[in-house]
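Inside the fold
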Number of protein chains: 2
Amino acid sequence: MPETDRQPVIILTRPQMGENIGAAARAMLNFGLTEMRLVAPRDGWPNPKAVAMASGAAGQVLDRARVFPTLAAAMEGISYAFATTARGRELTKPVFTPATAAARNREEAASGGRCAFIFGPERAGLENDDIARANAILTVPVNPDFPSLNLAQAVLLTGYELSRGALPDQPMPTQRRPANEVPADRVEIEKLADHYETRLEDAGYFFPETKSPSMKLNLRNLWSRMPLTRADVQVLHGLLRQLTRR
Amino acid sequence: MPETDRQPVIILTRPQMGENIGAAARAMLNFGLTEMRLVAPRDGWPNPKAVAMASGAAGQVLDRARVFPTLAAAMEGISYAFATTARGRELTKPVFTPATAAARNREEAASGGRCAFIFGPERAGLENDDIARANAILTVPVNPDFPSLNLAQAVLLTGYELSRGALPDQPMPTQRRPANEVPADRVEIEKLADHYETRLEDAGYFFPETKSPSMKLNLRNLWSRMPLTRADVQVLHGLLRQLTRR
């Protein structure tokens, strides 16, 4: 199957355990990434343990993964490569966060290029010889006293950022609401406040007299700042009617 | 040990396998989160399998985790709670992405409150009865055709966003460079370009004559756009000298 043009490529360099390759495939597919390349997997390829761990991601990711003998060979068609590592300090190279790398990936794709994200073997990580083949370093900012990300987690955070950056900005949360639930309009809120005020007045709630105006104001403000739906307003009317029936 | 004020709390509701509690503890500590609360863990508490999986995170997270019989009880001291779920569509509640939830968490902490992030049991996730106790829903935007995040991965992405948002904006990657490697200045680049141009001229590289100006321009531009250090420039001078020694 041809690789999807422009989609970034995940390169696992000398991965050791099949389970980790499978888990990385799952992490990729969680964020819609399907282009995996493997450099000299320790236990050969295909690997049944990878398939078992990948479960639903086996078909879309593992079955079409390409295997290469060296990292240099795996760079085919890649215009910009990130080496994912917390090390490489002795090499002069720009260091990206996942967020800035995702932005760089979008630029690269927009200008007709294609990015690769290179991950090292589980235990030892990428060697300097690998890192020297990349354009830049990608480092996930973790707690320096406990930087214990495993391979699939590093792939997961990278995939998350790649799809996160593709989402439109979402400054305000969306309100998830069944189709029959629409927000109450201000007149309905006003009538609700009136209803409560009247019944509470009847019940002698606004006491003493001198505090009555501020008590009423606070109560009205309370209703106003609640994000009530039309249905909520009906419920609040209903329970008040019920409470004051006797 | 007293909980750290203002730090968001991770609540695991009816977690099943100790290994997953341990993996969640690791994911938390990766991003500096240490406040875990457990609601009715299936296999009791403490759980040796959780400790084994948490390894380095056992002391800072698991040993101080607090256990509660119900989610309601576990909300002690929490002013704003997110239910982490892809469901709950029948409930009217604001839906946050991890990014907007992290921003909300900062606001809440700044105004003296404290947020909780509630995660459900591994297999079934949070029930509507749990979700109804939260102020809002947090949904990680994953591939709808493969939304297979496990508990520790959901905690990892939440922790990542909480610490990501606390970082200053980083529009440009930082250049990681040993102290003795400083960028070459433009005069050094100019001299390097001159050196190459002279030797290539001697070698008859700029041919035919009519193309010579554009070839020289392209070559000079090549050196100019490389992010060369002073040491790189020395290397490039040295190899040219060596190549033209004979």
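Our subject in this report is the structure included herewith. (Residues numbered from 1 in each chain as written. Chains lettered and ligands numbered in written order. Predicted model: local features only at pLDDT ≥ 70, side-chain atom pairs only at ≥ 80, totals over all residues. Heavy atoms only, no water.)

Some thoughts on helix 8 (residues 186-202) of chain B
Residue and element names in this part refer to chain B. Inclusion rule: Secondary structure counts use DSSP, requiring at least four H or I residues in a row for a helix and at least two E residues in a row for a strand, with both numbered from the N terminus. Here the expected span of a helix is defined as 1.5 Å times the quantity of residues minus one. Only protein chains enter the area calculation, which uses a 1.4 Å probe; residues under 20% of their type maximum are buried, those over 50% are exposed, and those in between are partly exposed.
For helix 8, with 17 residues, the first-to-last C-alpha span of 24 Å sits near the 24 Å given by 1.5 Å per residue. Among the residues of helix 8, Glu188, Ile189, Leu192, Ala193, His195, Tyr196, Glu197 and Leu200 are the ones counted as buried. Once helix 8 finishes, Gly204 follows within two positions and takes phi at roughly 75 degrees, a positive value.

Describing the pairing of strand 4 (residues 80-84) of chain B
All names here are of chain B. Just so we agree on the cut-off: Strands qualify as paired when DSSP identifies two bridges or more between them.
Most of strand 4 sits out of view: 5 of its 5 residues are buried. Pairing geometry for strand 4 and strand 6 (residues 115-119), over 4 bridges, is parallel. The residue of strand 6 that forms the bridge with Ala83 is Ile118. Of the pairings in the sheet, the one linking strand 4 to strand 7 (residues 136-138) comprises 3 bridges and is parallel in character. Of the residues in strand 7, the one forming a bridge with Thr84 is Leu138.

With respect to the packing of helix 8 of chain B against helix 10 (residues 230-243) of chain B
Residues and elements named next belong to chain B. Which entries qualify depends on this criterion: Only the contacting stretch of a helix is used when fitting its axis, a line to C-alpha atoms as for every element, and angles between N-to-C directions run 0 to 180 degrees. Roughly parallel means an angle under 35 degrees; roughly antiparallel means over 145; roughly perpendicular covers 65 to 115; every other angle is labelled oblique. A crossing counts as left-handed when the near helix is turned anticlockwise from the far one by less than a right angle, and as right-handed when that turn is clockwise. We call two residues in contact whenever any of their non-hydrogen atoms come within 4.5 Å of each other. For this scheme, ten residues count as nonpolar: Ala, Val, Leu, Ile, Met, Phe, Trp, Tyr, Cys and Pro. Four count as charged, namely Asp, Glu, Lys and Arg, and the remainder, Gly too, count as polar.
Between helix 8 and helix 10, the least distance of the axes is 10 Å, while the angle of their chain directions is 15 degrees. On the basis of the axis angle, helix 8 is roughly parallel to helix 10. Relative to helix 10, helix 8 is oriented so that their crossing is left-handed. Between helix 8 and helix 10, the residues in contact are Glu188, Ile189, Lys191, Leu192, His195, Tyr196 and Arg199 and Arg230, Val233, Leu236, His237, Leu239, Leu240 and Arg241, respectively. Taken together, the residues that form the contact of helix 8 with helix 10 break down as 7 nonpolar, 2 polar and 5 charged.

Overview of the pattern of salt bridges
Put simply, the rule is: A carboxyl oxygen of Asp or Glu within 4 Å of a side-chain nitrogen of Lys or Arg is what we treat as a salt bridge.
Applying the stated rule across the entire model yields 28 salt bridges over all chains. Here B:Arg164 ties to A:Glu161 by a salt bridge, and the two come within 2.4 Å at their closest N and O atoms. With B:Arg164 in helix 7 (residues 151-164) and A:Glu161 in helix 7 (residues 151-164), the pair connects residues from two separate chains. For the salt bridge of B:Glu201 with B:Lys216, the shortest nitrogen-to-oxygen distance reads 2.7 Å. A residue pair is termed long-range when its members are at least 10 positions apart, and B:Glu201 in helix 8 and B:Lys216 in helix 9 (residues 212-225) qualify at 15 residues. According to the relative accessible area criterion, B:Glu201 is partly exposed, its value standing at 41%. It is possible to trace a salt-bridge network through shared partners that takes in A:Glu190, A:Asp194, A:Glu197 and A:Arg220.

Regarding the nonpolar core
Our working rule: The set of buried Ala, Val, Leu, Ile, Met, Phe, Trp, Tyr and Cys residues whose side-chain atoms join them within 4.5 Å is what this entry labels a nonpolar core.
If you look at the biggest cluster of nonpolar residues, it comprises 76 residues, and the most contacted ones within it are A:Leu12, A:Met36, B:Leu12 and B:Met36. Ignoring anything within four residues of it in the chain, the contact list for B:Met36 reads B:Ile10, B:Leu12, B:Ile21, B:Ala24, B:Ala25, B:Met28, B:Val61, B:Leu62, B:Ala65 and B:Arg66.

Here's the deal with unusual backbone geometry
Each neighbour pair has its own omega, and for A:Trp45 with A:Pro46 the value is 0 degrees, a cis peptide bond. In this fold, A:Pro46 is placed in the loop between strand 2 (36-39) and helix 2 (48-54). Of note, B:Arg14 is a non-glycine position whose phi angle comes to about 45 degrees, a positive value. Among the structural elements, B:Arg14 can be located in the loop between strand 1 (9-13) and helix 1 (18-30). If you check the backbone angles, B:Ser55 has positive phi at about 40 degrees while not being a glycine. Within the secondary structure layout, B:Ser55 lies in the loop between helix 2 (48-54) and helix 3 (57-60).

Observations concerning the environment of A:Arg225
Residue and element names in this part refer to chain A. One can find Arg225 in helix 9 (residues 212-225). A relative accessible area of 55% places Arg225 in the exposed class. With 36 residues separating them along the chain, Arg225 and Ile189 place their C-alpha atoms 9.8 Å apart.

Things to note about the layout of surface pockets
Just so we agree on the cut-off: Grid spacing is 1 Å over the protein atoms alone, the probe is 1.4 Å, and a cavity is where that probe fits but cannot get out, while a pocket is an open set with protein on both sides within 12 Å along at least five of seven lines and lining residues have an atom within 4 Å of a point. Grid points are joined across faces, edges and corners, and a volume is the space filled by probe spheres set on the points.
As a volume, the largest pocket reaches approximately 1,500 Å³. What lines the largest pocket is a set of 47 residues, among which A:Ser148, A:Leu149, A:Asn150, A:Leu151 and A:Gln153 lie closest to the centre. Put simply, the parts of the chain that give the lining of the largest pocket at least two residues each are helix 1 (18-30) and helix 7 of chain A together with helix 1 and helix 7 of chain B. Considering only residue class, the lining of the largest pocket consists of 23 nonpolar, 16 polar and 8 charged.

Structural notes on helix 1 of chain B
Taking 1.5 Å of rise per residue, 13 residues should cover 18 Å, and helix 1 of chain B covers 19 Å from first to last C-alpha, within 8% of that figure. Counting buried residues in helix 1 of chain B gives 10 out of 13 residues, a clear majority hidden from the surface. All buried positions along helix 1 of chain B are accounted for by B:Gly18, B:Ile21, B:Gly22, B:Ala23, B:Ala24, B:Ala25, B:Ala27, B:Met28, B:Leu29 and B:Asn30. On the buried face of helix 1 of chain B, the contacting elements are helix 7 of chain A together with strand 1, strand 2 (36-39), helix 2, helix 3 and helix 7 of chain B.

Focus: the packing of aromatic side chains
As a reminder of what qualifies: Here a pair means two rings of Phe, Tyr or Trp (six-membered ring of Trp) with centres within 6.5 Å. Their orientation is stacked below 30 degrees between planes, edge-to-face above 60, and tilted elsewhere.
In this structure the tally under the stated criterion is 13 aromatic pairs over all chains. Between the aromatic rings of A:Tyr80 and A:Phe96, the centroid separation amounts to 6.4 Å while the plane-to-plane angle is 75 degrees, which identifies the pairing as edge-to-face. Remark: A:Phe96 occurs in strand 5 (residues 93-96) and A:Tyr80 occurs in strand 4 (residues 80-84); sequence separation between them is 16 residues. Taking 6.1 Å as the distance between ring centres and 90 degrees as the angle between the ring planes, the aromatic pair formed by A:Tyr160 and B:Tyr160 counts as edge-to-face. Here the residue A:Tyr160 occupies a position in helix 7, and B:Tyr160 occupies one in helix 7, the pair thus bridging two chains. The pair A:Tyr160 / B:Tyr160 is uniform in exposure class, with both members buried. Through a chain of ring-to-ring contacts, three or more aromatic side chains come together here, namely A:Phe31, A:Tyr160, B:Phe31 and B:Tyr160.

No statement about biological role is implied by the geometric values presented.
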